[in-house]
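Here is what each chain is made of, one letter per residue.
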Amino acid sequence: LNDLGLGTRVTTQEDETVPENAVISQDVEKGTMVDKYTTINLMVSSGSNAIEIPDVSGKSLEDATSALEDAGFKVSQKTESSDKVDKDKVTRTEPAGGEKMAAESNITIYVSSGPEVVEVKVPSLVGMTESAAKAKLEEVNLKAGTVSEENSSTVTTGCVISQNVASGTSVE
């Protein structure tokens, strides 16, 4: 533009899509006739300061935090249960690894607390047949322990006389 007798005023702006030092916009359209010595305002890209978030899935909290902080991010932590990721290992981040974010952005690390623990109440099994008692336990995701036989004058043969975890007890 200077060779054409025109002045330029350059302002830079961060832009995710326009490469560094390329013109984003100008205040005079291409092809417009202007007087000699007119100053053309140019908006030029300073590039992007977005940084790719490292994938820290499966790492320890300490290693994941170091990797993210070294990349220029701030880090916070939350826990969640996971059947697939070992306890105290990173299950995921938010935003996800591979995405790009500005430096100093906050990345949340989710750490596995292990499989979800569900408490259930032990059902009453006394008086049921062995197969009915086992089926009742399976309904609440429990399994029968050791089964032994005893004689009883009050309970029908083949039925449960007693149980060693009392009915109504909460177990994991």
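Whatever comes next refers back to the structure up there.
Here the residue numbers are simple positions, counted from 1 along each chain's written sequence. The model is predicted, so local features are restricted to residues of pLDDT at least 70 and side-chain atom pairs to those at 80 or more, both for listing and for counting; the totals for chains, interfaces and linings are taken over all residues. The basis for the side-chain values is all heavy atoms of the structure; hydrogens and waters are excluded.

Draft legend 1. Representation of the overall build of the protein in the model. Across its full length, the protein holds 2 helices and 10 strands. Order of helices (α) and strands (β) in the protein, N terminus to C terminus: β-β-β-β-α-β-β-β-β-β-α-β. Relative to its length of 172 residues, the protein is extended, with a C-alpha radius of gyration of 34 Å against a globular reference of 16 Å. Its C-alpha atoms give the protein principal-axis dimensions of about 115 × 35 × 20 Å. For the protein, buried positions account for 23% of its 172 residues. A 1.4 Å probe and the Shrake-Rupley method give the accessible areas. Residues count as covered only by the protein chains that appear here. As presented, the protein carries roughly 12100 Å² of accessible surface, and 46% of it is formed by carbon and sulfur atoms. Counting from the N terminus, the helices are DSSP H or I runs at least four residues long and the strands are E runs at least two residues long. Radius of gyration means the value over C-alpha atoms here, while the globule rule gives 2.2 Å times the residue count to the 0.38 power. Relative accessibility thresholds used throughout: buried, under 20% of the residue-type maximum; exposed, over 50%; partly exposed, between the two (1.4 Å probe, protein chains only).

Draft legend 2. Quick look at the sheet that holds strand β2 (residues 23–26). The mixed open sheet is built from 3 strands, whose spatial order is β1-β3-β2. Strands at the two margins of the open sheet, each flanked by one partner only, are β1 (7–13) and β2. Taking each pair of neighbouring strands and ignoring which way they run, the sheet shows an average axis angle of 25°. One bridge is not enough; two strands pair if DSSP finds at least two bridges between them. Strand direction decides the pairing type here: β1 and strand β3 (residues 39–45), joined by 7 bridges, are parallel. Of the residues in β3, the one forming a bridge with Q13 is S45. For helices, the fitted line uses only the C-alpha atoms of the stretch in contact; every axis is such a line through C-alpha atoms, and the angle between N-to-C directions lies from 0 to 180 degrees.

Draft legend 3. Focus on the side chain of S105. Among the structural elements, S105 can be located in the loop between β7 (100–102) and β8 (106–112). Looking at S105, the relative accessible area reads 14%, which means it is buried. Excluding residues that lie within four positions of it along the chain, S105 makes contacts with F73 and K74. Contact between two residues is taken to exist if any of their heavy atoms lie within 4.5 Å; hydrogens are not considered.

Draft legend 4. Just helix α1 (residues 61–70), in detail. Every buried residue of α1 is listed here: A64, T65 and L68. All buried residues of α1 project into a common sector of 100° when viewed along the axis, lining one side. In α1, the exposed positions that point more than 90 degrees away from the buried face belong to E62 and D70. On the buried face of α1, the contacting elements are β5 (74–80), β6 (90–94) and β8. Looking one or two residues beyond α1, the residue adopting positive phi is G72, at roughly 105°. Comment: arc refers to directions from the helix axis out to C-beta atoms.

Draft legend 5. Layout of the sheet that holds β8. In spatial order, the strands read β5-β8-β6; together these 3 strands make up an open sheet with mixed pairing. One side of each edge strand has no neighbouring strand; the edge strands of this open sheet are β5 and β6. Averaged over neighbouring strand pairs, the angle between their axes works out to 25° when direction is ignored. Contacts from α1 reach β5, β6 and β8, with the element oriented near 165° to β8.

Draft legend 6. View of the pattern of salt bridges. For salt bridges, the criterion is a side-chain nitrogen of Lys or Arg within 4 Å of an Asp or Glu carboxyl oxygen. Applying the stated rule across the entire model yields 5 salt bridges. For R92, the salt bridge identified is with E80, shortest N-O distance 3.1 Å. With R92 in strand β6 and E80 in strand β5, the pair connects residues that are 12 residues apart, well separated along the chain. E80 gets classed as partly exposed once you look at its relative accessible area, which sits at 22%.

Draft legend 7. Main features of the environment of N21. Checked against the element boundaries, N21 lands in the loop between β1 and β2. Judged by relative accessible area, N21 falls into the exposed class, the value being 61%. A C-alpha to C-alpha distance of 38 Å links N21 and Y110, two positions 89 residues apart in sequence. When residues no more than four places from it in sequence are discounted, the contact partners of N21 are V44 and S45.

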